[in-house]
Every structure is written in C-alpha cells, then in structure tokens.
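One letter stands for each residue in the lines below.
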Amino acid sequence: MGKLSLGTVLLAVFGTVAHAQTQQELLRDGNGGSTDNVLTYGMGYHQQRYSPLKQISKSTVRRLVPVWSASLANEFGEQGQPLVYNGVLYTANVKRVVAIDVATGKQLWTTPLEWEPAVARVVCCGLSNRGVALYNGKLFVGSVDAHLRALDAKTGKEVWKVKIAEWKDGYSITSAPTVANGVLMTGMTGGEYGVRGFVDGYDPDTGKHLWRRHTTAGPGEKGNETWPAGDAYLRGGGSTWITGSYDPELDLTYWGTSNGGPWTATARPGDNLWISSVIAFRPKTGEMVWHYQWTPAETYDFDGNNENVLADITVEGVKRKVLMHADRNGFLYTLDRTNGKLIAANPYVNVNWAERIDLKTARPVETDVAKRLRAGEKVQVRPRWTGGKNWMPMAFNPNTGRLYFAMLEETSVYQLNRELPVYKAGERYMGVENTTAPRTPGEPWGYFGALDPLTAKPKWKLPLMDLPSWSGMLATAGGLVFSGRPTGEFVAIDEDTGNIAWQFKTGSGINAQPITYTHNGRQYVSVLSGLGGGTSAKRETEGKVLPGGSVWTFALMPD
C-alpha cells in the first residue's frame, strides 16, 4: 500500500474535510506546526507546554526585555493562557476577551463578558478564566455565569451564545474550551455546591448541543454500584474545571474530575465513580472508554482535575503511550493512555494520608491518619486540601524526559462533621471543618522542580521560602523553564540546575500560563500578570501586591 496523504488521514479520522485546514493546524500545534502560532490550551493537544524555540536560551536570556505591555482592566486576577494566530494574540479573563497585535501591543478589539453581580457568590474559587479556543474563524469562551460563547475572531462580535447550566445552582465555567475531532467541548465547576459534574459537546458552527458526559455514574451506568442507593449521585460533584487533553490517533480525550459532593464521604459511602478521576472518552459522542480513579472514596478535597500530559516515553526498554498526572493527593502518576492501566505512582511532596499506591490493585493504601479522619477524629493531613500541586499546569520536555512544575508543601487540620450537610441549591455543600496548620519556621512553602515521571525523583528542587507559586510552567529547547511568582516576578530557570537565570518584575502577581512563539523570525514570550485566584493564591500578599490585569510580552534586545 502506498503512503497515505495527510488529507486522506484527516478524512479517515474526522469523516469530513470541510474544516481540514483548520483542524490540521490544531493537530500540528506543538507537533511541528508553525511556531508563529499557539492554537491550543497546553501548546498542543498533548499539553506538554514545550517549545522547540531556542533563540532565547541560557546564553542569550540576559538580553530578554519587555517589548510591550497591555492592560486588561481587571482586578479579579489573571489565570489564562493566550492563543496566537496570524500575528494576533487572543486572551480572556472573567470580564472580557481581548485581541492584541503581537508586533505592537495595540488592542484590535475587546468584547465584554457580562454577568449578574450575584454570580460572584457561587463561584469557587476566585473569579477567573483560563483561556479561549480557536476554530474555523471563531473564538470560543466560557463565562462564570455558565454560558458558552462563539465570537468572530476578526471582529469580536458574538456569533452565538448558549447556557450550559443554571449558575444559581452553583454551576460555572472557569476553564478554556477545546475543539477536538470537530466538536467543541467545555467543562464546568461547582464541586463545592453539590452539582453533578459533566463535560458538554457542541457543534462549533451553530452552538447546537450534541451530548453530555456526566462524571457521576447514574442508574443503569457502569459505576453506579459505587454510589449509595438513592440520588446521592445527583449532588455528587465531579466537576471538570481543567481543559482535557486529546490523542488524535486513539481519538480519546482525557478530562480530570473534582472532589465529591459533599466533601465528607460519610454521606456517600463507596468509591463514587467517577469523582477524583481521569476519564477517557470519544469527543464525537461522549462515549467513555476507560477511567482511572486517583482517590477512591475521596473525602480530602483532592480534586483530580490537574492536567493530563500525553507523551511517548520508554518504560523498561519499551516505548509506551503514556499519560502523566501530578495529582492534588501528592502522588505523581504515569498511566498507559490506551487503556488506563497504572504504570507508576510515587509521592512528589510529603504525604501522610496514604502509604503508597499499590501497583497491583492500582489503589492507595491509606494510613492510620486517613482511618482516624474517616472515623471522625480531627487530624493533620498532608498535603493540604490545595494539594501537592493545584491547577497550575506543568511542562514536559520530550528531550530530557522530565516534568517541570510548582509544588506546594502545606498541612491542613481536618475533621469531618458529625452531622451531614443539608443540600440547598446554590449554597456550599461540604460537611467538614478545615484550617491550615501553623508553618514550621524555615520550611519552604513549596518548590519549583524537575522530576522523573516514572520515579518522581527530582533532578533539582528550588525551595520557595517566601511564598508558594501558583503559575504554570513553559519549557523550551533553549534550556530554560519559564514561570512566575505571586509577588510579580516572571522568571527563567536553568533547566539543568534549577537556578534562576533571569527575572523581571511585572506590575502584579503572576498566577498564569506563559507561552512562546515567533513573529517575523523573532521569538517572543508572553504571560498574563494580575494577582488573583482563590484565597490560597493570594495569602501573604495583602498590602504588598496590588491586583490589576495586564499582558506582558518579552523578546531579546539586539546584542
């Protein structure tokens, strides 16, 4: 048989060539496509957040300077990842979507995201927006009042708008949408409000609703036996507030799910599939193919939403298609992404709720601390409910085989309430008492680190002594890893040593996701600045760092 053309392959995979050029660009993003563009959340469907660009390198980074900054007029904080297409940078926050000329920083258009002031009462945690999606001339964005919009990418004018759920019941959207196999998908949030989690699929041209994949197993579904009899699954949590990754060869999309509802597992005895899990399903239909549960019978607020990074790596001499995930529960997992089978799981921060993840059963072996907690005692749990790692995405360098991410080292004081919470729509549905244990003087808040995905052993760990980091990572072929600090510093870290090679103080805290790209042959790095997110991300900065959203773009000053 002769070699198949790319068009033939696309036709076989997607069943149509109507959008072949646009879909082809999405497929090639982060996989040898034009470095002038950043078209997907995670800089590729695999979400590796790696760039082959090396104009900005360890030897040249001393000449890195800001070339423009643009205001986003937002005091609520910036967590988004911009996209770049044909010389235009697109970004969003909770208040608006903005298009900016990458060469000059000039604003091309802005579109407000209007919502009722009362919405802010039922959004957890922090008023945020993590980005947009691009497809077939349209820009897609979710909003905190649980609406999904399509905008004309050239003008910013609204093409269509749909309501995915009722915000008054606690539903919201804070994640970036994504388009895979011609279907527009969005997650949702609301795990603190007794919602029933889901991922929705839509026709990107019209906004027509195509399917809904619920993340708590209802009657007649496999997994319902892991819930108690009755309707607990209808308030079971499992929200999907981080954008899924996608493998076009397997035609599988991978989404993480959040904590259970209520937080106390006493009200919902059983493993409770598919909360605190990763689910793999078909983007065309929502049909589930496999799942893996990070934390069965979850009662710690260990959301399983953290990004699922896809790569092909060598495991015991054999090349494997893997999914890598640093969970809030403190363990770093590597799974076979074809079937969800566990390959490796190791702690990457201090963990006291589980001894280990048993490789035979693929389940955690809980400690006496966990048993005492479930029995109703007040205990100290490590990691804290914010996790060993929270939502801030990691990067994977396929050349070094290492993962780069910010770790958190904190302890919670945690107790399940004796009385079960009563569900009321739009009100918190938790049933626990939780505070933060006092810090031991001299201990770091966390680390920047470079870790082996199969062992969790670090090549290096950079202690963060003043504050933790809530910023994503970007790895490049220039030997640098970029990230940010809540005090406003944008930093470039030496990939080999973990030393900070360069830094620049922006106007506010950075808890967003940097990207890099080229324009007219020049490499740029862009990041959003603006202190925000939940209260954990803003602790200790009160009176020291002011809010205020902006985009910062950097390039090398001529030698």
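In case you missed it, the structure is sitting above this.
For every chain, the first residue of its written sequence is number 1, and the numbers climb from 1 along that sequence. With pLDDT at 70 or above as the cut-off, local features in this predicted model cover only qualifying residues; side-chain atom pairs require 80 or more to be listed or tallied, and sums for whole chains, interfaces and linings still use all residues. Calculated side-chain values reflect all of the structure's heavy atoms, with hydrogen atoms and water omitted.

Student: Help me out: how do you make sense of the overall build of the protein in this one?
Tutor: Numbering of helices and strands runs from the N terminus, with a helix taken as a DSSP run of H or I at least four residues long and a strand as a DSSP run of E at least two residues long. Within the protein one finds four helices and 38 strands. By the compact-globule yardstick of 24 Å for 559 residues, the protein fits well, its C-alpha radius of gyration being 22 Å. Here the term buried applies to any residue with accessible area under 20% of the maximum for its type, exposed to any over 50%, and partly exposed to those in between, with areas from a 1.4 Å probe on protein chains only. The proportion of buried residues among the 559 residues of the protein is 64%. Note on definitions: a residue-residue contact is assigned when non-hydrogen atoms from the two residues lie within 4.5 Å. Sequence-distant contacts, at least 24 apart, represent 60% of the contacts inside the protein between residues at least 6 apart. In this setup the radius of gyration rests on C-alpha atoms only. A globule is expected at 2.2 Å times the number of residues raised to 0.38.

Student: Is there a simple way to explain the pattern of salt bridges in this structure?
Tutor: Pairing between side chains becomes possible if they bear opposite charge and their charged atoms approach one another. Take a side-chain nitrogen of Lys or Arg and a carboxyl oxygen of Asp or Glu: if they are within 4 Å of each other, that pair is a salt bridge. This structure, assessed with the given rule, holds 28 salt bridges. A salt bridge links R320 to D336, with the nearest nitrogen and oxygen atoms 3.1 Å apart. Of this pair, R320 sits in strand β20 (residues 318-326) while D336 sits in strand β21 (residues 331-336), placing them 16 residues apart in sequence. Accessibility expressed as a relative area gives 9% for D336, which makes it buried.

Student: Can you walk me through the sheet that holds strand β4 (residues 88-92) in this structure?
Tutor: Within a sheet, adjacent strands bond to each other through the backbone by hydrogen bonds, running parallel or antiparallel. Here, any two strands with at least 2 DSSP bridges between them count as paired. Read from one edge to the other, the open sheet built from four strands follows the order β3-β4-β5-β6, with strand pairing classed as antiparallel. The strands lining the two open edges of the sheet, one partner per strand, are β3 (83-85) and β6 (107-112). Each strand axis lies, on average, 15° off the axis of its neighbour in the sheet, ignoring direction. Alignment of strand β5 (residues 96-101) against β6, held across five bridges, turns out to be antiparallel. Note on β6: the bridge partner recorded for A99 is W109. Convention adopted: a line fitted to C-alpha atoms gives each axis, helices being fitted over their contacting stretch, and angles between N-to-C directions are expressed from 0 to 180 degrees.

Student: What's the story with the packing of aromatic side chains in this structure? I'm lost.
Tutor: The geometry of an aromatic ring pair comes down to the distance between the two centres and the angle between the two planes. Aromatic pairing here means that ring centres of Phe, Tyr or Trp (its six-membered ring) are within 6.5 Å. Orientation follows from the plane angle: under 30 degrees is stacked, over 60 is edge-to-face, and everything else is tilted. Enumeration over the complete set of coordinates arrives at 26 aromatic pairs. Relative to F281, the ring of W211 has its centre 5.7 Å away and its plane inclined at 80°; by these criteria the two rings are edge-to-face. With W211 in strand β14 (residues 209-214) and F281 in strand β17 (residues 277-281), this pair connects stretches of sequence that are 70 residues apart. The pair formed by W211 and F281 is uniform in burial state, with each residue classed as buried. Ring centres of F504 and F554 lie 5.4 Å apart, and the angle between their planes is 70°; this geometry places the pair in the edge-to-face category. Of the two residues, F504 is situated in strand β35 (residues 500-505) and F554 in strand β38 (residues 550-556); the sequence distance between them amounts to 50 residues. The exposure class assigned to F554 is buried, which follows from its relative accessible area of 0%. Whether a charge sits over a ring comes down to the Lys NZ or Arg CZ being within 6 Å of the ring centre and within 35 degrees of the ring normal. Taking NZ or CZ as reference, R130 lies 4.8 Å from the ring centre of W391, over its face. In this structure, K461 packs its charged tip against the face of Y447, placed 4.1 Å from the ring centre.

Student: Looking at this structure, I do not really get the sheet that holds β14. What am I missing?
Tutor: If you trace the four strands from one edge of the open sheet to the other, you get β11-β12-β13-β14, paired in antiparallel fashion. Only two strands of the sheet have a single neighbouring strand rather than two, namely β11 (178-180) and β14. Neighbour-to-neighbour, the strand axes of the sheet open up by a mean angle of 25°, direction not taken into account. Sheet topology note: the strand β12 (residues 183-186)/strand β13 (residues 198-202) ladder contains three bridges and is antiparallel. Residue pairing in the sheet places L184 in a bridge with Y202 of β13.

Student: It is not clear to me how the nonpolar core should be interpreted in this structure. Could you clarify?
Tutor: One recurring pattern in soluble globular proteins: nonpolar side chains tend to sit buried together. Within the largest apolar cluster, 95 residues are counted, with the highest numbers of intra-cluster contacts made by Y90, V97, I164 and F482. Sort the elements by how many residues they give to this core and β38 lands first, with five residues. Residues within four places of I164 in sequence aside, it is in contact with A146, L148, I173, T186, G187, M188, F198, D200, Y202 and R212. Listed in part, the 31 residues of the second largest apolar core include F331, Y333, V369 and V432. We call a set of buried residues a nonpolar core when its members are Ala, Val, Leu, Ile, Met, Phe, Trp, Tyr or Cys and they connect through side-chain atoms within 4.5 Å of each other.

Student: How should the environment of S550 be read in this particular structure?
Tutor: Tracing the chain through its elements places S550 in strand β38. When its relative accessible area of 11% is taken as the criterion, S550 is described as buried. Sequence-wise, S550 and G77 are 473 residues apart; in three dimensions their C-alpha atoms are separated by 9.5 Å. If we ignore the near neighbours within four places in the chain, the residues touching S550 are S69, A70, S71, L72, E78, V527, L528 and S529. Polar contacts, as counted here, are pairs of nitrogen or oxygen atoms within 3.5 Å of one another; within protein the pair requires one atom able to donate a hydrogen and one able to accept it, and residues that are adjacent in sequence qualify only if both atoms are side-chain atoms. Only 3.1 Å separates the side chain of S550 from the side chain of W552, close enough to count as a polar contact.

Student: I would appreciate a short explanation of the pairing of strand β10 (residues 158-163) in the present structure.
Tutor: Residues in a regular strand project their side chains so that they alternate between the two faces of the sheet. Bridging between strand β9 (residues 147-152) and β10 involves five bridges; their strand directions are antiparallel. Bridge pairing links H147 to K163 in β10. The antiparallel hairpin formed by β9 and β10 contains five residues in its connecting segment, where G156 sits at a positive phi of about 85°.

Without other data, these values stay purely geometric and don't point to any function.
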